[in-house]
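Chain and residue survey
Residue strings, one per chain:
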Amino acid sequence: MESSSSTISSYSVAIAMVLVQFAYGGSNILVKVSFNEGLNQIVLVVYRHVIAILMLGPFAFALERKQLHLLSFSLMAKIFVLALIGTTILLHVFYIGLHYTSATVASALNNALPSFTFLMAFLLGMEKVRISRARSRAKLAGTFLCIAGSLVFTFWKGHYLLKSFTERPLININAPHVKENWIKGCGLILVGYTVWSVSLILQTMIIKVYPAPLSINTLICFFVLLQNIVLAMFFARDPSIWKVDWNINLVTNFYCGIVNSAIVYYIQSWCISKKGPVFAAMFSPLQVVIVGIFSAVAFAEQFHVGSMVGSVFVIVGLYCVVWGKKMDTLVDENTDVDEELELGSSEKVVEIS
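Residues numbered from 1 in each chain as written. Predicted model: local features only at pLDDT ≥ 70, side-chain atom pairs only at ≥ 80, totals over all residues. Heavy atoms only, no water.

Where helix α2 (residues 41–64) contacts helix α8 (residues 213–235), the two axes come as close as 8 Å, and the packing angle between them is 155°. Of the possible angle classes, the one that applies to α2 and α8 is roughly antiparallel. The hand of the α2/α8 crossing is left-handed. Here the residues of the contact of α2 with α8 sort into 20 nonpolar, 6 polar and 1 charged. (Axes fitted to C-alpha atoms, helices over the stretch in contact; angles between N-to-C directions. Helix = DSSP H or I, 4+ residues; strand = E, 2+ residues; numbered from the N terminus. Parallel < 35°, antiparallel > 145°, perpendicular 65-115°, else oblique. Left-handed = near helix turned anticlockwise from the far one by under 90°. Nonpolar A, V, L, I, M, F, W, Y, C, P; charged D, E, K, R; others polar.)

Time to look at the packing of aromatic side chains. Scanning the model with the defined rule gives 9 aromatic pairs in all. For the pair Y47 and W242, a centre-to-centre distance of 5.7 Å together with 80° between the ring planes defines the contact as edge-to-face. Of the two residues, Y47 is situated in helix α2 and W242 in the loop between α8 and α9 (248–281); the sequence distance between them amounts to 195 residues. Both rings, one in Y193 and one in W196, keep their centres 5.9 Å apart while their planes meet at 25°; by these two values the pair is stacked. Note that Y193 and W196 are positioned in helix α7 (residues 182–209) at a spacing of 3 residues, about one turn of the helix. Taken together through their ring pairs, the aromatic side chains of Y24, F35, F94, Y95, Y193 and W196 make up a single cluster. Lying over the aromatic face of F61, R65 brings its terminal NZ or CZ to 5.8 Å of the ring centre. (Phe/Tyr/Trp six-rings, centres within 6.5 Å; stacked < 30°, edge-to-face > 60°. Lys NZ or Arg CZ within 6 Å of the ring centre and 35° of its normal.)

Counting 56 residues, the largest nonpolar core has Y95 and Y193 as the members making the most contacts within it. Going through the elements one at a time, α1 (2–36), α2, α3 (73–100), α4 (103–109), α5 (113–123), α7, α8 and α9 are the ones with two or more residues in this core. The leading source of residues in this core is α7, at 11 residues. Filtering out sequence-adjacent residues up to four positions away, Y95 remains in contact with V31, F35, Q41, L44, V45 and R48. Among the nonpolar cores identified, the runner-up in size contains 5 residues, and I42, L225, A232 and A236 belong to it. (Core = buried A, V, L, I, M, F, W, Y, C linked by side-chain atoms within 4.5 Å. Buried < 20%, exposed > 50% of the residue type's maximum accessible area, 1.4 Å probe, protein only. Contact = heavy atoms within 4.5 Å.)

Before going further, it helps to spend a moment on empty space enclosed by the protein. Counted under the stated rule, the structure contains 2 cavities of 30 Å³ or more. Broken down by element, the residue count for the lining of the largest cavity peaks at 7 residues, all from α3. Looking at the lining of the largest cavity residue by residue, the classes come out as 12 nonpolar, 12 polar and 1 charged. (1 Å grid on protein atoms, 1.4 Å probe; cavity = no way out; pocket = protein on both sides within 12 Å on 5 of 7 lines; lining within 4 Å. Points joined across faces, edges and corners; volume = space filled by probe spheres on them.)

Right, here's the structure in full:
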């Protein structure tokens, strides 16, 4: 029965993470289009988290109010840091990088996230590595492949390998005020994903102490809102940029607020609590497929040799890390079973004696 429930849980987490990748892919496309329409990124971050608080707050209070006594000043401080690193810094660095590149590039580089997460976990002592074991070598090799793939993706464009599916873009996303800068954009997005890796580790530590994902995400949204109100006082003081008309910008605000900041944040926290940060990140290759196909059709995007080679490196590296993590899980489960059998047999010996 335990193995059956574990399998059901694995399938549930897998389905949830597939939906998460669709959600992130959709937001990358919408945000890129909205920035072209003049949406300010601080305005977007503020509005999306106001919407998320209104969505999550009532459910968090109704379902998790009995756990409020577990909140301490130390825990609140950790959640504040998580909001700063994992959302405020991440979103602004990522959005600036998105200005200089495309939604497809952002989604492709997302594949490096699991290896970055593993590397961070290893440096913090949360992951054990023994070179003599195949699963450890696979995780190390996968990490290096992902890093190498990210560098190839960033610094080598090469000739066009595949032409777009349409001669003219159905949607024009060439912003007149921002020139494409491949290296700067990829570098910023990679910095964002490195920050995200750190936040996933911190989120895992917080969930173990305070297993209330709705409350955690509500507090994250609240702290992110406060942090960005402070930023707005310096960088978004023009009242005109806060007006959102009935256009794609309004759709993006509501989509990012309801889908990303509310639903996806919660689903991701639940997945991390069930299977850990590396497993939760293993479905990221789906995002580049989703966004790549859409961008080729709608935006007439073309694919470079360097992009394809770098993506292959990253995806192969990703699944090396995932295979190593899977073997770790199987070994841990077998060890637990052996310990239970040994404990049971020792109890029987005591009873007989």
